[in-house]
Amino acid sequence: MSMEMSKPVPRPGILDIAAYVPGKEHAPGVARVFKLSSNETPLGASPKAIEAFRGAAEHLERYPDGQAKELRQAIADVHGLNVANILCGAGSDELLGLLCHTYLDTGDEGIITEHGFLVYKIQIMAAGATPVTVKEKDCTVDVDAILAAVTEKTKMVFIANPANPTGTYVPVSEIRRLQASLPKHVILVLDAAYAEYVRRNDYEAGLELVSANQNVVMTRTFSKVYGLAALRIGWMYGPVDIVDAINRVRAPFNLNSAAIAAGAAAIRDQAFTEKAVAHNTLWIGKMTAALEALGLKVTPSVANFVLIHFPDSDGKRAAEADDFLTSRGYILRAVRAYGFPNSLRLSIGTEEANLGVIDALTEFTGRKA
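This structure is a prediction, so every number in the text was calculated from the model and none was measured.

Trainee: Talk me through the overall build of the chain; I want residue IDs and the actual numbers.
Mentor: Scanning the chain for helices and strands turns up twelve helices and 13 strands. Since a compact globule built from 369 residues should have a radius of gyration of about 21 Å, the 21 Å found for the chain is in line with a globular shape. By principal-axis analysis of the C-alpha atoms, the chain measures approximately 60 × 55 × 55 Å. Across the 369 residues of the chain, 54% fall into the buried class. If you take every contact in the chain between residues at least 6 apart in sequence, the share linking residues at least 24 apart comes to 74%. For the chain, the accessible surface area stands at approximately 17000 Å², while carbon and sulfur atoms represent 54% of it. Here the chain holds 37 positive side-chain charges and 41 negative ones, and the gap between their average locations is 2 Å.

Rendered as structure tokens:
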């Protein structure tokens, strides 16, 4: 006879997962706050997306389209893709979780990199599989390190390209080399959440690689450059077989009508998107130069944020800088959980916010310890 339990108990491994903690949003006692901790676009959403969102309020009694046809078609039209290979979800986070729950099982391994997005590890463990973490080189994904970690248990490899929180990227030649060297049954997941910001000739988000192979998927988001983080919209481009498998387990109405309408309008408004990208391109360069002029080390970034490394000396460390900035209303992201205990991630904001951070850090770095 089995012993009766006193309360429900999660299955083994669940309580070993460290819950994801978002960047902070508040600065107590500060009248005006600039939130630069979540990589949100300072330009907001396209006016056309906002109009579409409001229009969806006219029919709240109706279930949304369970296939998100309008949104998938808009994505297909803008990127020149086959709509059958596109799957939408409640943020790319949901799609990453569905991939793990569909293709990973107890005893399987999923490879991640030491500074990779924390959600990868969470979803691998939630599926009952084992995360295998490999070292990066100069804050950049190391393809050779990944290949060296592949075993007969490996079923999935996760790469954020560009990476978060470093802002570095892997050239397409290296991504192709990785895919060609992986066993055909191992899924290569390319998380391209920041792809729209990249302006490098040797970068590719993954569309061509997906089209040419059966074991590659690419995920994207509407939370960054499109300014729709509040609506939680993500999409995946993958082989038909993988899309079909995930469609069998996802929630039937995982995107609401407002998200579908606003997302379709946002991605079709490429003129507004280019304004957001141009603003970022201008300020990523200005902020990097200004921060380095203060004597701070900055990891070169192709995304919409920079990783700032602080001196390891009393009064000058990242935690102290974070407190100092917060007291002045500038909220950055502490990245200790990503393996950077003495660094802060700064999202590119409005001109006012960017200049304010530089002024505050000028004061901070000039203080006596």
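Now that the structure is up, let's keep going.
Trainee: Explain the nonpolar core to me, and be specific about the residues and the numbers.
Mentor: By size, the foremost hydrophobic cluster in this structure holds 60 residues, and its most contacted members are Leu71, Ile159, Leu188, Phe222, Leu228 and Trp235. Considering every element that reaches this core, the biggest residue donor is helix 9 (residues 257-268), with six residues. Mapping this core onto the domain boundaries places at least three of its residues in each of domain 1 (29-44 + 271-365) and domain 2 (47-268). The residues contacting Leu228, other than those within four sequence positions of it, are Ala45, Ala49, Phe222, Ser223, Ile233, Ala262, Gly263 and Ala266.

Trainee: Describe in detail the UniProt feature "modified residue: N6-(pyridoxal phosphate)lysine" (unreviewed entry) in the chain, supporting the description with residues and values.
Mentor: In this structure's numbering, the residues bearing the UniProt feature "modified residue: N6-(pyridoxal phosphate)lysine" (unreviewed entry) are Lys224. If you trace the backbone, Lys224 turns up in the loop between strand 7 (216-221) and strand 8 (234-237). On the basis of relative accessible area, Lys224 is assigned to the buried category, the value being 16%. Every residue in contact with Lys224, bar those within four places of it in the chain, is listed here: Ser38, Asn39, Thr41, Ala193, Tyr194 and Tyr197. A distance of 3.2 Å separates a polar side-chain atom of Lys224 from the backbone oxygen of Ser38.

Trainee: Mind laying out the pairing of strand 6 (residues 187-191), listing which residues take part and the relevant values?
Mentor: Counting buried residues along strand 6, five of its five residues qualify, which places the element largely inside the surrounding structure. Every second residue of strand 6 is oriented toward a common face, with Ile187, Val189 and Asp191 on one face and Leu188 and Leu190 on the other, all of them buried. Note: strand 5 (residues 154-160) against strand 6, five bridges, orientation parallel. Looking across to strand 6, one finds that Ile159 is bridged to Leu190. Crossover strand 5 to strand 6 through helix 6 (residues 172-181) is right-handed. Pairing geometry for strand 6 and strand 7, over four bridges, is parallel. Bridged to Val189 within strand 7 is Val217.

Trainee: Run through empty space enclosed by the protein, naming residues and quoting values.
Mentor: Enumeration over the complete set of coordinates arrives at two cavities of 30 Å³ or more. Space inside the largest cavity adds up to approximately 70 Å³. In terms of lining residues, the largest cavity is bounded by Gly66, Gln67, Ala68, Arg72, Ile86, Leu87, Cys88, Asn247, Arg250 and Asn254. If you tally residues by element for the lining of the largest cavity, the top one is strand 2 (residues 86-89), at three residues. Residue classes in the lining of the largest cavity are distributed as four nonpolar, four polar and two charged. A volume near 30 Å³ is recorded for the second largest cavity. Taken together, Glu40, Thr41, Pro42, Tyr197, Ala276, His279, Asn280, Asn304 and Ile348 form the lining of the second largest cavity. In the lining of the second largest cavity, the residues fall into four nonpolar, four polar and one charged.

Trainee: Got a sec to walk through the environment of Leu282? Specific residues and values, please.
Mentor: Locating Leu282 in the fold gives a position in helix 10 (residues 270-293). A relative accessible area of 45% means that Leu282 is categorised as partly exposed. Residues Leu282 and Ile348, 66 residues apart in the sequence, show an inter-C-alpha distance of 10.0 Å.

Trainee: Can you lay out the sheet that holds strand 8 for me, pointing to particular residues and giving the numbers?
Mentor: In space, the seven strands of this open sheet follow the order 2-8-7-6-5-3-4, with mixed pairing throughout. Among the strands making up the open sheet, the edge pair consists of strand 2 and strand 4 (130-134). Averaged over all pairs of adjacent strands, the angle between strand axes in this sheet comes to 20°, irrespective of strand direction. Lying on the sheet, helix 2 (residues 69-79) is in contact with strand 2, strand 7 and strand 8; it crosses strand 2 at an angle near 130°.

Each value, and the rule that gives it
Residues numbered from 1 in each chain as written. Predicted model: local features only at pLDDT ≥ 70, side-chain atom pairs only at ≥ 80, totals over all residues. Heavy atoms only, no water. Helix = DSSP H or I, 4+ residues; strand = E, 2+ residues; numbered from the N terminus. Rg over C-alpha atoms; globule rule 2.2 N^0.38 Å. Buried < 20%, exposed > 50% of the residue type's maximum accessible area, 1.4 Å probe, protein only. Contact = heavy atoms within 4.5 Å. Areas by Shrake-Rupley, 256 points an atom, 1.4 Å probe, with all protein chains shown as cover. Lys, Arg positive; Asp, Glu negative; His and termini not counted. Charge placed at Lys NZ, Arg CZ, Asp CG, Glu CD. Core = buried A, V, L, I, M, F, W, Y, C linked by side-chain atoms within 4.5 Å. Domains from an automatic or database assignment. UniProt positions renumbered as here; feature names shortened; annotations may be inferred. Polar contact = N/O pair within 3.5 Å; in protein donor to acceptor, adjacent residues only side chain to side chain. Pairing = 2+ DSSP bridges. Right-handed = clockwise from strand over helix to strand, strands pointing away. 1 Å grid on protein atoms, 1.4 Å probe; cavity = no way out; pocket = protein on both sides within 12 Å on 5 of 7 lines; lining within 4 Å. Points joined across faces, edges and corners; volume = space filled by probe spheres on them. Nonpolar A, V, L, I, M, F, W, Y, C, P; charged D, E, K, R; others polar. Axes fitted to C-alpha atoms, helices over the stretch in contact; angles between N-to-C directions.

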